[in-house]
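The chain contents come next:
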Amino acid sequence: MPSPGHRPEPLILALPGNEAFARNLANAGAWELGTVETRNFPDGESYVRIPSDVAERSVALVCTLARPDEGFLRLVYAADAARALGASDITLIAPYLAYMRQDRRFLAGEAVTSRSFARLISSTFDRLITVDPHLHRYASLSALYTIPTNTLHAAPLLADWIAVEVSRPLVIGPDAESEQWVSAIAARIGAPYAVLSKIRHGDRDVEVALPDLSAWSGLQPVLVDDIASSGHTLIEAARQLPQQGFAPPDVAVVHGIFAGDSFERLKPLCRMIVSSDAVSHASNVIALAPLIAPSLAATAESVSDLIRHRRPPEPLDDVERAGIDSFPASDPPSWTGGRE
Ligand code: R5P
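A short tour of the structure in this document, coming up. (Residues numbered from 1 in each chain as written. Predicted model: local features only at pLDDT ≥ 70, side-chain atom pairs only at ≥ 80, totals over all residues.)

Remarks on the overall build of the chain
Per the secondary structure count, the chain includes nine helices and 16 strands. When the 340 residues of the chain are sorted by exposure, 43% land in the buried category. Nonlocal contacts in the chain, meaning residues at least 24 apart in sequence, comprise 66% of its contacts between residues at least 6 apart. (Helix = DSSP H or I, 4+ residues; strand = E, 2+ residues; numbered from the N terminus. Buried ≥ 20, exposed ≤ 12 C-beta atoms within 10 Å, placed from the backbone. Contact = placed C-beta atoms within 7 Å.)

Regarding the sheet that holds strand β9 (residues 169-173)
If you trace the six strands from one edge of the open sheet to the other, you get β10-β9-β13-β14-β15-β16, paired in parallel fashion. Of all the strands in the sheet, the pair left with one neighbour each is β10 (193-195) and β16 (284-286). Strand-to-strand twist in this sheet, taken as the mean axis angle between neighbours without regard to direction, amounts to 30°. Pairing of strand β14 (residues 250-256) with strand β15 (residues 273-276) involves three bridges; the strand directions are parallel. Considered in β15, the bridge of V253 is made with S275. (Pairing = 2+ DSSP bridges. Axes fitted to C-alpha atoms, helices over the stretch in contact; angles between N-to-C directions.)

Details of helix α3 (residues 113-122)
Within the span of α3, buried status applies to S114, F117, A118, I121 and S122. The buried residues of α3 occupy one face: seen down the axis, they fall within an arc of 130°. Buried residues in α3 make contact with β6 (89-94) and β7 (127-131). (Arc of directions from axis to C-beta.)

Digging into the environment of L75
Of note, L75 is situated in helix α2 (residues 68-84). Judged by C-beta crowding, with 26 C-beta atoms within 10 Å, L75 ranks as buried. Sequence separation of L75 and V62 is 13 residues, and the distance between their C-alpha atoms is 9.2 Å. The contacts of L75, once residues within four sequence positions are left out, are L15, L61 and C63.

A look at the pairing of β14
Within β14, seven of the seven residues are buried, which leaves the element mostly enclosed by the surrounding structure. Looking at chain direction, strand β13 (residues 220-228) and β14 are connected through six bridges and run parallel. Bridge pairing in β14 places A228 opposite G256. Regarding topology, helix α6 (residues 232-240) serves as the crossover connection from β13 to the parallel β14, and that connection is right-handed. (Right-handed = clockwise from strand over helix to strand, strands pointing away.)

Examining the site of the ligand
Near the ligand lie 15 residues; those nearest to it are I227, S229, S230, H232 and T233. Those elements giving two or more residues to the shell around the ligand turn out to be β13 and α6. In terms of residue count, the dominant contributor to the shell around the ligand is β13 (four residues). For the shell around the ligand, the per-class residue count stands at four nonpolar, seven polar and four charged. (Near = placed C-beta within 6 Å. Nonpolar A, V, L, I, M, F, W, Y, C, P; charged D, E, K, R; others polar.)

Focus on the pairing of strand β12 (residues 205-209)
Regular strands place their side chains on alternate faces of the sheet. In β12, alternate side chains face the same way, and those of V206 and V208 are buried while those of D205, E207 and A209 on the opposite face are not. Note: strand β11 (residues 197-202) against β12, five bridges, orientation antiparallel. When the bridges of β12 are listed, G202 appears paired with D205. Taken together, β11 and the strand that follows it, β12, pair antiparallel across an intervening segment of two residues.

A look at the packing of helix α4 (residues 155-165) against helix α5 (residues 179-189)
Packing of α4 against α5 leaves a shortest axis separation of 9 Å and a crossing angle of 45°. The pairing of α4 with α5 is recorded here as oblique in orientation. α4 and α5 meet at a crossing whose hand is right-handed. Of the residues in α5, those in contact with A155, P156, L158, A159, I162 and A163 of α4 are W181, A184, I185, R188 and I189. Of the residues that constitute the contact of α4 with α5, the class distribution is ten nonpolar, no polar and one charged. (Parallel < 35°, antiparallel > 145°, perpendicular 65-115°, else oblique. Left-handed = near helix turned anticlockwise from the far one by under 90°.)

So, the sheet that holds strand β8 (residues 149-152)
Strand pairing in a sheet takes place through backbone hydrogen bonds and is either antiparallel or parallel in direction. Spatial strand order, β2-β1-β5-β6-β7-β8: six strands in an open sheet with parallel pairing. Pairing within the sheet leaves two strands with one partner each, and these edge strands are β2 (32-33) and β8. In this sheet, β8 lies alongside β7 in parallel orientation, the contact comprising four bridges. In the sheet register, L128 faces β8, and the bridge partner there is T149. Against the sheet, helix α1 (residues 19-29) touches β1 (10-14), β2, β5 (58-62) and β6, its axis set at about 165° to β1. The sheet strands contacting α2 are β5 and β6, and the helix crosses β5 at an angle near 170°.

Spelled out as structure tokens, the structure:
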């Protein structure tokens, strides 16, 4: 039994598709990497097993949440299994946090899925660590999530990449909302910046207008965005820059989702396209494990914020006797303050 005030070193577990990220994170913190087995039954239902011993361990489940509808249930099952097997606490490391963009009812009758998704995560995990969630209408994750959350920012890493790889950059944000961090990137590397204006008419229908950028002609444009989802924002911006005499831009994004063929359509319009490894993609060059590891280490040092105390490990023979019905559901959240 760990002594009071001391939380055991985290055990890192990866959901499918997150193995490389989890390995990097484990290496960055010199933590143990455990295993989760998953497969689908013939009827499509998910099977999850945690062969690693999680009893009295602090478990960090690594699962980026791009395309969440494909793997969300098995993530919940893995968290519930870890809890039932005696994990002392369970942190979700989600480098990309899904469902942040449906943050209001744009049309009558729409589901505000950012709230529903936050409720599901908050009822399953003890803590969430994520990178640059799409906080445009919510001031912070605590407006949505009822568990402690750590919001990390990749802008300094993007800035450092630009400083090394691009000479004479002009940092460009595609819309007004991006100004806060585009300006921070530009300040960090001593470069000028500009912000475009964007009107979104639909999921794949985006209008981007460029101001007069002639004052910076001759500089290398670098388009910086938090998310490339349908890719249309970046495609429209990249299409227009040469019309003002600029070279094909470089693109640096935190979350390179690049749905459908958007990457193939963007590529010929650009010189280089890079992303962080928040979402696994061919464009990944900026590793986030060094950003996340200190945050996870910090949570390991404080136990006072742990609010949902776990029931003792379930005896294995009871599980076998009673079958799957004996697995407890997640506790309801008992802490509503939020913390960032
Ligand atoms: C918008 O506010 C964001 O910063 C991104 O520009 C946007 O989410 C990108 O979406 P898409 O790739 O679908 O145009």
